[in-house]
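Coordinate inspection notes
So the chains spell out like this:
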Amino acid sequence: MALVRWQPARELDTLQSEVDRVFDVFFGASGTTRRWVPAMDLVETEDQLVLRADLPGLGRDDVEIEVKDGVLTVSGERNAGNEERAEGHYRIERSFGRFARSLTLPDGIDADRISADFDDGVLEVRIPKPAERKPHRVAIGAATVNGSATESEAD
């Protein structure tokens, strides 16, 4: 059995951490600000990229989409509104404030062809792929040797 030296400062740090945790549980985060980052999905189809973002509580006028130097940025702000305080304790878990999410676009994207729709709190941005970036199927033709068909194909 090894002897461990008692360190009162470490005990006080542990106690302080536990008190902070209890206050966080009952009264919300103590002095920390929570940043709202909306969830986004990026899906690739045959001819376009589709970006979907969940933006609950926002309207079309609350969201901005900008393309600059090959980067698409979706930004906006969700306001807390007016909340009335009643007697007793309350807790706010929903995050509010400004947000911005950026996506680097592939080379050759025509920014004028990007379109967006906003429906039921879901933003959908459609980004057409450039022609040279679309998948191109190459047909497998007759095998040639020195510019002429092989014996099996000549028969």
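Sequence order as written defines the numbering, with residues in each chain counted from 1. Residue-level local features of this predicted model are given only where pLDDT is at least 70; pairs of side-chain atoms are given and counted only at 80 or more, and the full residue set underlies all totals for whole chains, interfaces and linings. For side-chain calculations, the full set of non-hydrogen atoms in the structure is used, while hydrogens and water are omitted.

1. Focus on the overall build of the protein
A count of helices and strands for the protein gives two helices and nine strands. Only DSSP runs of H or I covering at least 4 residues are called helices, and only runs of E covering at least 2 are called strands; the numbering of each starts at the N terminus. Reading the protein from its N end, one meets helices and strands in the order α-β-β-β-β-β-β-β-β-β-α. The proportion of buried residues among the 155 residues of the protein is 21%. Two residues form a contact once any of their heavy atoms are found within 4.5 Å. Expressed as a percentage of contacts within the protein between residues at least 6 apart in sequence, the contacts between residues at least 24 apart total 52%. Accessible surface, the protein as shown: approximately 12,800 Å² in total, 48% of it carbon and sulfur. Burial classes follow relative accessibility: with a 1.4 Å probe on protein chains only, a residue under 20% of its type's maximum area counts as buried, one over 50% as exposed, and anything between as partly exposed. In short, Shrake-Rupley with a 1.4 Å probe defines the accessible areas, and a residue's cover is counted only from the protein chains shown.

2. Things to note about the pairing of strand 4 (residues 71-78)
The buried count for strand 4 comes to six of eight residues, which makes it a mostly enclosed element. Strand pairing is assigned whenever DSSP detects at least two bridges linking the two strands. Note that strand 3 (residues 63-68) and strand 4 share six bridges and pair antiparallel. Pairing of E66 across the sheet is with T73, part of strand 4. With antiparallel pairing between neighbouring strands as the criterion, strand 3 and strand 4 make up a hairpin whose turn holds two residues, including D69 at a positive phi of roughly 55°.

3. With respect to the side chain of R78
Residue placement: R78 occurs in strand 4. As used throughout, the charge tally considers Lys and Arg to be positive and Asp and Glu to be negative, leaving His and the chain termini uncounted. Salt bridges are counted wherever a side-chain nitrogen of Lys or Arg sits within 4 Å of a carboxyl oxygen of Asp or Glu. No salt bridge is formed by the buried R78, whose closest oppositely charged neighbour, D62, lies at an N-O distance of 9.2 Å. Polar contact is the term for a pair of N or O atoms within 3.5 Å; when the atoms are in protein, one must be able to donate a hydrogen and the other to accept it, and sequence-neighboring residues count only if both atoms are side-chain atoms. A polar side-chain atom of R78 sits 3.0 Å from the main-chain carbonyl oxygen of P56. Once you skip the residues sitting within four places of it in the chain, R78 turns out to touch W36, P56, L58, S95, F96 and G97.

4. Quick word on the nonpolar core
As used here, the term nonpolar core means buried Ala, Val, Leu, Ile, Met, Phe, Trp, Tyr and Cys residues forming a set that is joined through side-chain atoms within 4.5 Å. Counting residues in each nonpolar core, the largest one holds 17 residues, and the members touching the most others are L55, L72, L123 and I127. At the level of secondary structure, the elements contributing two or more residues to this core comprise strand 2 (48-54), strand 4 and strand 7 (122-128). If we skip the residues at most four places from it in the chain, L72 touches L51, I65, E66, V67, R101, S102, L103, L105, I114, V125 and I127.

5. Remarks on the sheet that holds strand 6 (residues 115-119)
A sheet is described by the order of its strands in space; here four strands give the open sequence 1-2-7-6, paired in antiparallel fashion. Both outer strands of the open sheet, strand 1 (40-44) and strand 6, are each paired with one neighbouring strand and no more. When strand polarity is set aside, the average angle formed by the axes of neighbouring strands in this sheet is 15°. The sheet contact formed by strand 2 and strand 7 spans seven bridges and is antiparallel. Across the sheet, the residue bridging to R52 is E124, located in strand 7. To obtain each axis, a line is fitted to C-alpha atoms, and for helices this fit is confined to the stretch in contact; angles are then taken between N-to-C directions over 0 to 180 degrees.

6. Describing the sheet that holds strand 3
Pairing is antiparallel across the open sheet formed by three strands, whose spatial order is 3-4-5. If you trace the sheet from one side to the other, it starts and ends with strand 3 and strand 5 (97-104), each paired once. In this sheet, neighbouring strand axes are inclined to one another by 15° on average, regardless of whether the strands run parallel or antiparallel.

7. Examining the pairing of strand 6
With five bridges joining them, strand 6 and strand 7 adopt antiparallel strand pairing. Paired with A116 across the two strands is V125, which belongs to strand 7. As consecutive antiparallel partners, strand 6 and strand 7 are separated by two residues, and within that stretch D120 has a phi angle of approximately 50°, a positive value.

8. Here we look at a nonpolar patch on the surface
Each patch is built from residues lacking any salt bridge and having more than 30% relative accessible area; the joining distance is 9 Å for like charges and 5 Å for nonpolar side chains (Val, Leu, Ile, Met, Phe, Trp, Tyr). Together, L12, L15, V19 and F23 make up a nonpolar patch on the protein surface, roughly 390 Å² of accessible area in all. Residue placement: V19 occurs in helix 1 (residues 8-27). V19 sits in the partly exposed class, given a relative accessible area of 34%.

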